[in-house]
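# Residue-level structural notes
Residue-level listing of the chains:
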Amino acid sequence: MQRAAKCALRLDISRAFCPSNVRNCRAVNRVNGSVSCRRYSVLPPPRDEEEKAMLDSMLRVDHAGEYGANRIYAGQMAVLGRTQTGPLIQHMWDQEKMHLERFNEILGEHRVRPTLLLPLWNIAGFALGACTALLGKEGAMACTVAVEESISEHYNSQIRTLMEADPERYTELLQLIKEFRDDEIEHHDTGLEHDAESVPGYLLLKTAIQAGCKAAIYISQRI
Amino acid sequence: MLCMYRNASPLWLDMAALIRGLRAGRALRGLGGVAVQGTLSPQCSNVRRGFHRAALLRLASDSKSDTSVPPPSYREVHTAGESSSSSAQGESSEDAQPNTSFQDQSGEHGEDYETEEQLQARILTAALEFVSQHGWTVEAIAAGAETLGLSSASTGMFNNGAGDLVLHFVAQCNAQLAETLAEQNNQVQLGQAESKKTGEFLKDAVETRLRMLVPYIDTWPQAMSILLLPHNIPDSLKHLSTMVDDIWYYAGDRSTDVNWYTRRAALTGIYNTTELVMVQDSSPDFEETWAFLDNRIKDVVNMANTAKQVQATGEAVVQGLMGAAITLKNLTGMNQRR
């Protein structure tokens, strides 16, 4: 099942994901004309509807998470962009942009539906970033710490799920998620180094932000 | 020919003869004569009915399978649904002479065991031919079942009745469309065909899909109303959304933002309105429908372009305002560092 060879021809792998997963489709067996070659693809061809649904929802929420993180950093940059912490936030933002781009590619390739609430996360993320940045550099760092902690916890639970299911089947996906999780943990540690904990009401802020993140993750998995 | 044997022979010869007869019927059918099968059945319906009872073959199987039927004494009764409906059916899957049918007595459960779903699909496909006669109704399904040699009581398998028939047809059309689009995509990727612009691609895809309705266009309003029944709505929406997703995917849409939703919503609107225009269109070859489709697609493409332009203009305006504000600050001296 795992064909690791890179195909020279840019064949349409999407055929492996052809939407014959309509529930009542008793009709025609999809004739998959071309070779379903795994050109460097992160996901294995789904073997049934359930697996596709699970992978879809995982990718959907990951994409929403990276999108939200992007907007948070954008908000922070809008306020603190010209201060001393500007370059630091910019660096973290650039890494998040890379993550988002990667997820965009995966979603497009595997025909995963993005979450409907993206415009909401857009506004909410930017507002969160901007508001916490208004509390100063420490506020922005505290927000970063809270969000990155939520995200890395979320990635960890995804890694656990995939490992429990079938680690060999999902090797590439696991690798990707591990890489991103390591980046997020790095951001978390950077935030702590830069006096995140010295913001007044740090615990309150952190709890509130993490509760918001959990809710966002829950909703994005479904909608 | 079959009926000559009927009165003269004991039961097992009867069955062997039936096998032969049905094989002959099957071979003839293979030549494309559904009508032939039709004419055979009334003559031999009595035999067949008697056969139904002895049935026990789950063989049912496929026209593809050439595995021989084990002799009657070795068959076992299987689930009621399979057995009664697939009895005469199973017989007709033979090609070999009667002698060889007793030779292979191995597995009765080969991989060519036809699932109930596959059988239902075959019945519904056969039923489509009777839609012009009976409409999208259970009678059409019954007629379809009869052409396959099953009793018309097999419509009991379909809990949703006519809804099953319509949904099957829709699924079949969508699958066909997806195949066509995939094939075209393949051609483009191999460099054997030119890639079309989005508007043209959408128009061609929707037209291809709607043309599949042409043979059934007279009864299509009935089908549409069946699809709108509350218990059918989830399924019909799912079929519709899958189809629209397919079309946009092959049109090259890889968006991962809210555009994903707006594009699909737009195309759904276009498809539904064009379908409505089509059912009441009386122009030759539905010219008016295609013209309508063309105009709607143009509208959507225009709107998309306008939206892009508005966004670009908006950004430019904002830049201009920012520049003006900074200039003012500089002029009034407010921007000086102290």
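Cut-offs and rules
- Residues numbered from 1 in each chain as written.
- Chains lettered and ligands numbered in written order.
- Predicted model: local features only at pLDDT ≥ 70, side-chain atom pairs only at ≥ 80, totals over all residues.
- Heavy atoms only, no water.
- Helix = DSSP H or I, 4+ residues; strand = E, 2+ residues; numbered from the N terminus.
- Buried < 20%, exposed > 50% of the residue type's maximum accessible area, 1.4 Å probe, protein only.
- Contact = heavy atoms within 4.5 Å.
- Areas by Shrake-Rupley, 256 points an atom, 1.4 Å probe, with all protein chains shown as cover.
- UniProt positions renumbered as here; feature names shortened; annotations may be inferred.
- Patch = residues over 30% accessible without salt bridge, like charges linked within 9 Å, V, L, I, M, F, W, Y side chains within 5 Å.
- Salt bridge = Lys/Arg side-chain N within 4 Å of Asp/Glu carboxyl O.
- Expected span 1.5 Å × (residues − 1).

## Description of the overall build of chain B
- Along the backbone of chain B there are 14 helices and 0 strands.
- Mapped from its N terminus to its C terminus, chain B presents α and β elements in the order α-α-α-α-α-α-α-α-α-α-α-α-α-α.
- Within chain B, the proportion of its 338 residues that are buried is 45%.
- Contacts in chain B between residues far apart in sequence, at least 24 positions, make up 72% of those at least 6 positions apart.
- Accessible area of chain B: about 17700 Å², with a carbon and sulfur share of 57%.

## Overview of the UniProt feature "domain: Ubiquinone biosynthesis protein COQ9 HTH" (unreviewed entry) in chain B
- On the UniProt side, "domain: Ubiquinone biosynthesis protein COQ9 HTH" (unreviewed entry) is annotated at positions that read residues 116-146 of chain B here.
- Annotated as 81% helix and 0% strand, the span residues 116-146 of chain B places its first and last C-alpha atoms 17 Å apart.

## Some points on the UniProt feature "binding site: Fe cation 2" (unreviewed entry) in chain A
Residue and element names in this part refer to chain A.
- What UniProt calls "binding site: Fe cation 2" (unreviewed entry) maps, in this numbering, to Glu96, Glu148, Glu184 and His187. Spatial clustering of the annotated residues is evident: they stretch over 92 residues in sequence, but the largest pairwise C-alpha distance comes to 10.9 Å.
- Considering the arrangement of structural elements, one finds Glu96 in helix 2 (residues 86-109).
- For Glu96, a relative accessible area of 0% corresponds to the buried category.
- Not counting residues within four places of it along the chain, the set of residues in contact with Glu96 comprises Glu66, Ala69, Asn70, Tyr73, Glu148, Glu184 and His187.
- Relative to the helices and strands, His187 is located in helix 5 (residues 171-193).
- Of the residues examined, His187 reaches a relative accessible area of 1% and is grouped as buried.

## Focus: a nonpolar patch on the surface
Residue and element names in this part refer to chain A.
- Together, Leu116, Tyr218, Ile219 and Ile223 give the surface a local cluster of nonpolar side chains, amounting to about 350 Å² of exposed area.
- On the secondary structure map, Leu116 appears in the loop between helix 2 and helix 3 (118-134).
- For Leu116, a relative accessible area of 41% translates into the label partly exposed.

## What about helix 3 of chain A?
Residues and elements named next belong to chain A.
- Here helix 3 contains 17 residues, and its C-alpha end-to-end distance of 24 Å stays within 8% of the 24 Å for a straight helix at 1.5 Å per residue.
- Residues of helix 3 that are buried: Leu118, Trp121, Gly125, Gly129, Ala130, Thr132 and Ala133.
- Here the buried face of helix 3 lies against helix 1 (49-80), helix 4 (137-165) and helix 6 (202-222).
- Just beyond helix 3, the residue with positive phi is Gly136, at close to 105 degrees.

## Some details on the pattern of salt bridges
- Using the criterion set out here, one finds 18 salt bridges over all chains in the structure.
- In this structure, the salt-bridge partner of Arg296(B) is Asp299(B), at a minimum N-O distance of 2.9 Å. With Arg296(B) and Asp299(B) both in helix 14 (residues 287-331) and 3 residues apart, this pair spans about one turn of that helix.
- Overall, the relative accessible area of 26% leaves Arg296(B) in the partly exposed class.
- Within this structure, Arg111(A), Asp245(B), Asp246(B), Asp253(B), Arg263(B) and Arg264(B) form a network of salt bridges that share partners.

## Considerations on the UniProt feature "binding site: Fe cation 1" (unreviewed entry) in chain A
Residue and element names in this part refer to chain A.
- Feature annotation in UniProt places "binding site: Fe cation 1" (unreviewed entry) on Glu66, Glu96, His99 and Glu184, given in this structure's numbering. Considering the C-alpha atoms alone, the annotated residues occupy 119 residues of sequence yet fold into one spot, their largest mutual distance being 10.3 Å.
- Inspection of the secondary structure puts Glu184 in helix 5.
- Glu184 has contacts with Glu66, Glu96, His99, Glu148, Ile151, Ser152 and Tyr155, leaving out every residue within four places of it along the chain.

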